[in-house]
Amino acid sequence: MFAGLPSSVEIREVGPRDGLQNEEPIAVDQRIALINALSATGLTAIEAASFVHPKAIPPMADSARVMEGITRVPGVRYRALVPNERGTLDALACAVDEVEVVMSISETHNRKNINMSPEESLQQIVTLTDLAHQEDTPVEAILSTAFGCAYEGNVSPERVALYARRVVDEAGVDGLSFGDTSGMATPRVVHELLDALENVGIEPSTVGLHFHNTRNTGLANVMVALLRGVSKFDASIGGLGGCPYSPGATGNISTEDVVHMVEDLGADTGCNLQKLIGCGELAEELVGRQLPSQVLRSGPRTQTVAS
Ligand code: MG
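So, here's what we can say about the structure. Note that this is a predicted model, so its numbers are computed, not measured.

Let us now look at the pattern of salt bridges. What the rule picks out here adds up to 21 salt bridges. In this structure, Arg 77 engages Glu 98 in a salt bridge whose closest nitrogen and oxygen atoms are separated by 3.0 Å. Of the two residues, Arg 77 is situated in strand E3 (residues 77-81) and Glu 98 in strand E4 (residues 98-104); the sequence distance between them amounts to 21 residues. Overlapping salt bridges, with partners in common, bring together Glu 10, Arg 12, Arg 77, Arg 79, Glu 98, Glu 100, Glu 140 and Asp 234 in one network.

Dropping the structure here:
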């Protein structure tokens, strides 16, 4: 076992939200079926829905029906993304286990996406966190474009760390995660961000990381982060979310691939890989195309060819 590796790692499944959001819309029943299947794999966190306006993101319409229709498994946290107060109230009405709020570190990206400055987004996170905490629901803040921005290029790790510190201090969020929105993270950039976070008193062991495989560095990024003590990673079943017909969508790293590598390193994810591969096959059926997960194609390394 590698020195310094966490003994257990939480893989947070994002396929039903971040994945499907970037695919052609599928039926509510199918979204429910995918979440229910994922709930039986040992995953402990599933991003199940997004309470956005249905016209803004049609694949996430009817998220309340999804939340009401799933069979909740004890020990699994069903999480939802919220963009504003209305969405937060809708999510809380569905008794989500955790609310996710988001701001972009890049001024340009934040303005193009939600027409706010990062400062305004930070103030909104304060408001939404208060709302969620009134219902005793924990909040994770996602800082997007944390590893670079398609519009601005490099994003200073010190700037990311400054906002991370402020989101914790001013909003009192319960968790932080950092999104590689444009797929620009490399092992070097991951190291530099974790250094900057440590410099403001945020330990790698406390944060979640969200990588894309846009430039094929997704698993390498996970590896270096693991060696720095990071133990929470987002991943998407089958690699859902990299639809070639959806401009701007970049591929999430796949749950099967991450679980396969992490378990092989000797860290425990609590996940059953064969069941995850079954979910990857279901996801391919639902979206009607082959998904980019490699382990979904090849199986685990110990799988031998039938003679
Ligand atoms: Mg993503």
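This part covers the environment of Gly 153. The residue Gly 153 is located in the loop between strand E5 (139-144) and helix H7 (157-171) in this model. Remark: the alpha-carbon pair of Gly 153 and Leu 276, spanning 123 residues in sequence, is separated by 35 Å. Once you skip the residues sitting within four places of it in the chain, Gly 153 turns out to touch Gly 148 and Met 184.

Per the stated rule, a full pass over the model turns up one aromatic pair. Over the ring of Tyr 151 we find Lys 112; its NZ or CZ atom is 5.0 Å from the centre of that ring.

Time to look at the pairing of E4. Among the seven residues of E4, six are classified as buried, and the element is accordingly described as predominantly covered. Across three bridges, E3 lies against E4 in parallel orientation. Each bridged residue has a counterpart across the sheet, and for Arg 79 the counterpart in E4 is Glu 98. Tracing the backbone out of E3, into helix H4 (residues 85-93) and back to the parallel element E4 gives a crossover that is right-handed. Pairing of E4 with E5, which is carried by six bridges, proceeds in the parallel orientation. Its bridge partner lying in E5, Ser 104 is registered against Ser 144.

What counts and how
- Residues numbered from 1 in each chain as written.
- Predicted model: local features only at pLDDT ≥ 70, side-chain atom pairs only at ≥ 80, totals over all residues.
- Heavy atoms only, no water.
- Salt bridge = Lys/Arg side-chain N within 4 Å of Asp/Glu carboxyl O.
- Helix = DSSP H or I, 4+ residues; strand = E, 2+ residues; numbered from the N terminus.
- Contact = heavy atoms within 4.5 Å.
- Phe/Tyr/Trp six-rings, centres within 6.5 Å; stacked < 30°, edge-to-face > 60°.
- Lys NZ or Arg CZ within 6 Å of the ring centre and 35° of its normal.
- Buried < 20%, exposed > 50% of the residue type's maximum accessible area, 1.4 Å probe, protein only.
- Pairing = 2+ DSSP bridges.
- Right-handed = clockwise from strand over helix to strand, strands pointing away.

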